[in-house]
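Structure assessment
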Amino acid sequence: MIATLLKEHKPEFKIYVSIVVGIIIFFIAADKLKEFIYLINKLAQKIDINKNFIGILLKITGISILTEFAVSICKDSGETSIASKIDLGGKIIILSMSIPIITSLLEVLLDLL
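Residues numbered from 1 in each chain as written. Predicted model: local features only at pLDDT ≥ 70, side-chain atom pairs only at ≥ 80, totals over all residues. Heavy atoms only, no water.

Notes on the pattern of salt bridges
Basically, it comes down to this: For salt bridges, the criterion is a side-chain nitrogen of Lys or Arg within 4 Å of an Asp or Glu carboxyl oxygen. Secondary structure elements are defined from DSSP: runs of H or I of at least 4 residues count as helices, runs of E of at least 2 residues count as strands, and each element is numbered from the N terminus. In this scheme, a residue with accessible area under 20% of its type's maximum is buried, one over 50% is exposed, and one in between is partly exposed, where area comes from a 1.4 Å probe on protein chains only.
Evaluation of the coordinates by the stated rule reveals one salt bridge. With a shortest N-O distance of 3.4 Å, K91 and D87 are connected by a salt bridge. You can see K91 and its partner D87 sitting in helix 4 (residues 80-97), four residues apart, about one turn around the helix. Under the relative-accessibility criterion, K91 is labelled exposed at 51%. Residue classification places D87 among the partly exposed positions, given a relative accessible area of 27%.

Structural notes on the side chain of T67
With respect to the helices and strands, the residue T67 is situated in helix 3 (residues 51-76). For T67, a relative accessible area of 13% puts it in the buried group.

Regarding the packing of aromatic side chains
Here is the rule we go by: Aromatic contacts are taken between Phe, Tyr and Trp rings whose centres are within 6.5 Å, Trp giving its six-membered ring; a plane angle under 30 degrees counts as stacked, one over 60 as edge-to-face, and the others as tilted.
Under the defined criterion, the tally for this structure stands at one aromatic pair. Between F26 and F27, the ring centres sit 5.8 Å apart and the planes meet at 70 degrees, which makes this aromatic pair edge-to-face.

A short note on the side chain of S98
What counts is decided by this rule: Residues adjacent in sequence count toward polar contacts only when both atoms are side-chain atoms; beyond that, a polar contact is any pair of N or O atoms within 3.5 Å, and within protein one must be able to donate a hydrogen and the other to accept it.
You can see S98 is positioned in the loop between helix 4 and helix 5 (99-112). Among the polar contacts listed, one links the side chain of S98 to the backbone oxygen of L95, at a separation of 2.8 Å.

Have a look at this one:
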């Protein structure tokens, strides 16, 4: 509602409201994220997964969330070209971070063959 009111009277402040609301929602969700990370670590201990892979997966998840947040802010401010470049950059970073997991998966597949 605040964003709609500001859009009519002060449209330049709408983006600030969007950023602040996004940050507030992120911090509220961060508490639930802690529970998720705890659960993933507990499951990893039970099934003996390499902890480096769990760390990489959590970082990839964080990057995807932050990238989506940045893309949304850019789209809200009308900068769709910057949004698409941020999206592409996030995908490239995620792909480069996943190389150790892909390599390990391919090694396991080769061992099975």
